[in-house]
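Report on the structure
This is what each chain is made of:
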Amino acid sequence: MGCLRWFLSRFYCSPQGWADRDRLTERRRLDIPIRSARKPPGMFVSLREEAEDALRGALSSLSLPTTDLGIEEPPEDVPAVLASSVAFRLAGERGTPPPQVASEIASEIDLAEYDYLDAISTQDPYLNFTPSEAYYADTLEAAGAADYGRLPAREESVAVEHTSANPTGPVHIGRARNPIVGDAIARTLDLAGYDVARHYYVNDAGRQIALFAWAYEAFEESDLPDPERDRADCDLVRYYRTGNSFLEDADDEARGEAEAEIEALMQGLEAGETEAYERVSRVVDEVLGGMQASLQRLPATFEEFVKETRFMRNGSTEAIVARLENSPYAEREEGAWQLDLAEWDIEKPFVFLRSDGTSLYTTRDLAHHEWKFANFDRAVTVLGEDQKLHASQLEAALEILGNDTGRLTSTFYSWVDLPEGGMSTREGTGVDLDDLLDEAIARAREEVEDRLGSRIRDDDLDDADLSRIARQVGIGAVRYDIVAKQPTKAITFEWDRALDFEAQSAPYVQYVHARACGILAEAGRLDGNKRDPFAALESMPGSEEDSRGAPPVDPETIDALDIPEERALLEVIARFPAVVETAAEDLTPHTIATYTREIAEAFNAFYRECPVLDAPEELKEGRLALVVLREKSRNGSGRFAPSNGEPRAVST
RNA sequence: GGGCGUGUGGCCUAGCGGAUAGGGCGAGAGGUUCCUAACCUCUCGAUCACGGGUUCAAAUCCCGUCACGCCCGCCA
C-alpha cells in the first residue's frame, strides 16, 4: 500500500469505505476526521510508525521533503517486513541516483532509538526494514491475549442496515450477498471496537406489500400451486406471485377493481389506520419469520427489525414532507412534490410526495435515517448496486433537511446472477438460499464421509457429528465464497464453483483450525469435548468460541523460535490488528478473508516444517504457543467471516 | 443517449503508483512408517480488455474506445 494512501486513511475516510461513493461525499471528505489519536493497533502498526518516524527524521536532517515516505510491504522473497521507496522520489531533488540516496538515508538513521526496528538495509533504491527480537517477543505475548485482534472500544455506535429484502417471499441467492456481506461488515466493525447494531429495514408500506396483502385476501389456497417448502415465506409467496400475474393478465375492469383495493389499502397505511396496518402485518410478519429462518442458517441475525410503517404511524414521515415542502429546492409538479437536486449533480428530480398525497419509499427512508442519526453515531447501509441513485437522492435530501450526512455510508454490491440470467421473487425464478445451503451441506457430508476411511485418528464420530461438521463446512464454504470477493464484482452463480471445498475456501482455513486443535488436544491443552479434531471444524468461520484454557504465552519462548516458518507465522499474526483496523475503516471485510487465508498458509508451512509434539522440550513450549496464537487469530477472523450481501427489494 | 460500476493466464481471484503481477481451479510430475494428505513441493500457463497520456516508475492515475452489469418511475 502506498504511503500516501495509508497516510490519508489514518486521518480521513478511505476512498473505498466510509467516504466512498459519489461526489456528494467527496466534497466533505476533508472535513471528517475519523477519530482522534489512538494507541497503534498491534505490533505491525507500531513497527510501521517507527519506520516512518525514522525516515522522517533522516529526511529532515538531510533537508529533504517528507511528504511521501513510500512505505510498503516488500515482496515475499525480500527478507524484510517493511520497505520504502522514498529514494526514487528524492533522487531528482538530491541530484544523485536513487540507490545512493537510499544509502544516505539509511546511514542517517539511528536505530538505537527504536524498539522494534532492528536493521535497515538497502537493496538498490529500496530501504528494507527488519524487526527486532522485541517485535517477535511482544507479538507472541500480545497475541496471547484472549481477545487478540479486537481493537479497543471506541464509544461510537454504528447501525449496520443490511438485507432489508421485501418481505414477499423466500430469500434467494440473487440477494444472498447482502446478508453475508452485511453481517461480515457488522462483525468487522464490532471487532474494530464499534458498538454495532444490525438492522433489517422492513418494507411493510409500499405498493408491492399492499398488493401482497390484497392478494392474500383475494385468492384461495386451492387456486395456488403447492409450496416449495413447508414454511411461511414459501407458503405466502404463492399469493404474491398469483396476485402479480393476475394483475398482468386481467381485463381492464378486474384490474381496475383490484387496483382500487390496493390503492385504498395504501391510503389507509398513509393515514396510519390500524386496520390497514394489521392487514399488512399479517402477511409481512409471517413471511419475515420464514425469511429469518433462512438467514439464521448463515447465520445472519439482527438486533432490530425496523418497520417502515413505524415512521408513518408516528407522524415523522408527514413532518419530513412538511419540512421538505418549505425547502428552497422543493417544487410542485402536476400535483406531486419534488426536490430539484441539480446542485448535487443529480439530474432526476426526486419526488417525495405523490399527487394523491401518499409518501414514497424514499420519503419514509428519510424519516428512517433521521431516526438512525438520532440514535446512532454512524449508519452503514449495505445495498444492491441498483440502489445507487436512490442512495444519492436520499443523501442529498438528508442534507437539505440539515443532517450531517458524513455519518452515513452506503456500500454497494453487485448481483448474483444465474448463468441463464437474473432472479426474481415475483416471477419465481432463481435458487432459494435454503436450497443452496441444503445442497452445500449435502455435498460437504459426502466429502466428510469419503474422508472417514482414511482417517488416522481413532475417534468416534456419530451421525450427529457428521451432520454438524457437514453443516459447518457446507455453510462456511458458501459464506466464504461470497465474502472473499470484492462486492463490486458481479458473480455468476455456479454450483461447482460455489461449493468447492479445496484450496482457497473456507474448508482450507477450517482445516488449519482442525490441525491446530488436533495438536492442542494431543498436548492436553483442550477440553475433553474438543478431543475430536473434526469437531473443531464446527466452530470455523464465525463462532465465538476461542481457545480458552490455553496457558498464557511466555514471551521468553521466542528465543527458541528461529526457524523461518516460525518467524513468518509470527509476522502474519502481528498484522492481524492492523488488518482489522483497515477493513473496518474501508468497510472491506474481504480483506479479512484474504488475511485468514494468509495465516492458514503460514500455519501450514509451519506445520510442515516444525513438529510440535515431538519437538525438544525447549522448543515445544514455544511451538505450542504458536499454535495457540494462530488459534486466537483465527477466532477473531472467524468472527468476520460470515457475511453476505443482498439488495433491497427492487424487482421482487 | 446520460450516469455509475466491472474487465488480471482456459476458468475464478489478490494487488489498485514502486522490486521479476501473488493465489486457487484445471493440466502434468512428485510427496504420507512422522501432530488428519480437505495438506505440501515442482512444472505448464498473463501483451493486467484495447488505444493514447501523466510519471524516474502505471494492472494501479487521467482521457478515449470496446464489452458486460446496474440505474435513469408520482416502484421499491
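Residues numbered from 1 in each chain as written. Chains lettered and ligands numbered in written order. Predicted model: local features only at pLDDT ≥ 70, side-chain atom pairs only at ≥ 80, totals over all residues. Heavy atoms only, no water.

Moving on: the overall build of chain A. If you tally the helices and strands in chain A, you get 23 helices and 14 strands. Expressed as a percentage of its 652 residues, the buried residues of chain A come to 58%. Carbon and sulfur atoms make up 46% of the accessible area of chain A, which totals about 26,700 Å². (Helix = DSSP H or I, 4+ residues; strand = E, 2+ residues; numbered from the N terminus. Buried < 20%, exposed > 50% of the residue type's maximum accessible area, 1.4 Å probe, protein only. Areas by Shrake-Rupley, 256 points an atom, 1.4 Å probe, with all protein chains shown as cover.)

With respect to the element layout, Glu161 can be found in strand β5 (residues 157–161). One polar contact links Glu161 to Ser164, side chain to side chain, over a distance of 3.0 Å. (Polar contact = N/O pair within 3.5 Å; in protein donor to acceptor, adjacent residues only side chain to side chain.)

Neither face of strand β9 (residues 336–339) is open: one carries Ala336 and Gln338, the other Trp337 and Leu339, and all of them are buried. As judged from the four bridges shared by strand β8 (residues 330–333) and β9, these two strands associate in the antiparallel manner. Each bridged residue has a counterpart across the sheet, and for Arg332 the counterpart in β9 is Trp337. (Pairing = 2+ DSSP bridges.)

Let us now look at the pairing of β5. Summarising burial for β5: five of the five residues are buried, a large majority. The alternating pattern of β5 places Ser157, Ala159 and Glu161 and Val158 and Val160 on opposite faces, both of which are buried. Judged from the five bridges that link them, β5 and strand β6 (residues 195–202) form a sheet pairing that is parallel. Note on β6: the bridge partner recorded for Glu161 is His199. The pairing of β5 with strand β11 (residues 378–384) spans four bridges and is parallel. Paired with Ala159 across the strands is Ala379, a residue of β11.

Quick look at the packing of aromatic side chains now. Going through the model one piece at a time under the given rule, you end up with 21 aromatic pairs. When the ring of Trp214 is compared with that of Phe246, the centres are 5.9 Å apart and the planes differ by 45°; the resulting orientation is tilted. Here Trp214 is found in helix α8 (residues 207–218), whereas its partner Phe246 is found in helix α9 (residues 232–249), with 32 residues between them in sequence. Geometrically, the ring pair formed by Phe219 and Phe246 is edge-to-face, given 5.7 Å between the ring centres and 70° between the ring planes. Of this pair, Phe219 sits in the loop between α8 and α9 while Phe246 sits in helix α9, and the two are 27 residues apart along the sequence. Taking NZ or CZ as reference, Lys388 lies 5.6 Å from the ring centre of Phe412, over its face. Geometry around Tyr607 places Arg515 over its ring, the cationic atom sitting 3.9 Å from the centre. (Phe/Tyr/Trp six-rings, centres within 6.5 Å; stacked < 30°, edge-to-face > 60°. Lys NZ or Arg CZ within 6 Å of the ring centre and 35° of its normal.)

By themselves, these figures tell us nothing about what the structure is for.
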